[in-house]
Amino acid sequence: MALRKILTYPEPVLRQKAKKITVFDEELKQLAADLGQTMYDAPGVGLAANQIGVLKQIIVVDVSKSEEDKKFITLINPVISEGEGSVTGEEGCLSVIEYEAKVKRFQKIHVTAQDFDGEPITFDAEDRFARIIQHEVDHLHGKLFIDHLSALKRGLYKKKLKKILKNRL
Ligand code: NI
């Protein structure tokens, strides 16, 4: 396992679409392990490959029951095939520094993905789990949670970020 660097907005790779994974090998398992380690180190509850500069459709999502548990699932080529209900909740992102905002998401989703052998997986997810998956799948499409906000709010964040980055120089 290796810790990877998490790229942050406005890094261009975060705006690119990840490619579908067709090779299911050891390297893929290694990538998932790196994503998991990097996510917990941050710490975060989800991470998509784009965020470490890898344009492949793979995400990891924390499913720990407790702090020490550190259990995550890996979804390869995940697709949200159905969604119902809508809930607004606070979100942040390891790639969007110093910002949180309320985002509207489906309350319940149906997910299809593949496992490490390329076998299909399907399941339903609700609430927090569903929110994280929707957020991470967005990343694979080059989308960030701030894209769900009004242009005004997004503009304010861009201004704030400019100041933060300037002060870091
Ligand atoms: Ni994110």
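The following paragraphs examine the structure supplied in this document. (Residues numbered from 1 in each chain as written. Predicted model: local features only at pLDDT ≥ 70, side-chain atom pairs only at ≥ 80, totals over all residues. Heavy atoms only, no water.)

Brief notes about the sheet that holds strand 3 (residues 72-84)
Within the open sheet, the five strands sit side by side as 1-2-3-6-7. Their pairing is antiparallel. Only two strands of the sheet have a single neighbouring strand rather than two, namely strand 1 (46-48) and strand 7 (120-126). Strand after strand, the sheet turns through a mean of 40° between neighbouring axes, direction not considered. Sheet topology places strand 6 (residues 108-114) next to strand 7; seven bridges connect them, and they run antiparallel. From the neighbouring strand, histidine 110 faces strand 7, where its bridge partner is aspartate 124. Where helix 1 (residues 26-41) meets the sheet, it contacts strand 1, strand 2 (58-62) and strand 3, and its direction lies at approximately 40° from that of strand 2. (Pairing = 2+ DSSP bridges. Helix = DSSP H or I, 4+ residues; strand = E, 2+ residues; numbered from the N terminus. Axes fitted to C-alpha atoms, helices over the stretch in contact; angles between N-to-C directions. Contact = heavy atoms within 4.5 Å.)

Side note on the pairing of strand 3
Taken together, the five bridges between strand 2 and strand 3 define a ladder with antiparallel strand orientation. Across the sheet, aspartate 62 pairs through a bridge with phenylalanine 72, a residue of strand 3.

What about the pattern of salt bridges?
All told, the structure shown has eight salt bridges when counted by the stated rule. One salt bridge in this structure joins arginine 105 and aspartate 138, with 3.0 Å as the shortest N-O distance. A residue pair is termed long-range when its members are at least 10 positions apart, and arginine 105 in strand 5 (residues 96-105) and aspartate 138 in helix 2 (residues 127-140) qualify at 33 residues. Arginine 105 gets classed as buried once you look at its relative accessible area, which sits at 5%. Counted as one network, the salt bridges with shared partners bring together Glu91, Arg105, Arg131 and Asp138. (Salt bridge = Lys/Arg side-chain N within 4 Å of Asp/Glu carboxyl O. Buried < 20%, exposed > 50% of the residue type's maximum accessible area, 1.4 Å probe, protein only.)

Structural notes on the coordination of the nickel ion
Protein coordination at the nickel ion: the donors are Cys93 (SG), His135 (NE2) and His139 (NE2), at 2.1 to 2.2 Å from the metal. In the primary structure, the donors to the nickel ion are separated according to the pattern C-x41-H-x3-H. Taken together, the residues cysteine 93 in strand 4 (residues 87-93) and histidine 139 in helix 2 connect sequence positions 46 residues apart. You can call cysteine 93 buried: its relative accessible area is 11%. For histidine 139, a relative accessible area of 0% gives the class buried. (Donors = N, O, S within 2.8 Å, 3.2 Å for Na, K, Ca; no water.)

Things to note about the packing of aromatic side chains
According to the stated counting rule, one finds five aromatic pairs in the structure shown. By way of ring pairs, the aromatic residues Tyr9, Tyr99, Phe145 and Tyr157 are connected into one cluster. (Phe/Tyr/Trp six-rings, centres within 6.5 Å; stacked < 30°, edge-to-face > 60°.)

Focus: helix 2
Between its terminal C-alpha atoms helix 2 stretches 20 Å, which fits the 20 Å expected from 14 residues at 1.5 Å a residue. Here helix 2 lies mainly inside the structure; eleven of its 14 residues are buried. Every buried residue of helix 2 is listed here: Ala130, Arg131, Ile132, Ile133, Gln134, His135, Glu136, Val137, Asp138, His139 and Leu140. With its phi angle positive at about 80°, glycine 142 sits one or two positions after the end of helix 2. (Expected span 1.5 Å × (residues − 1).)

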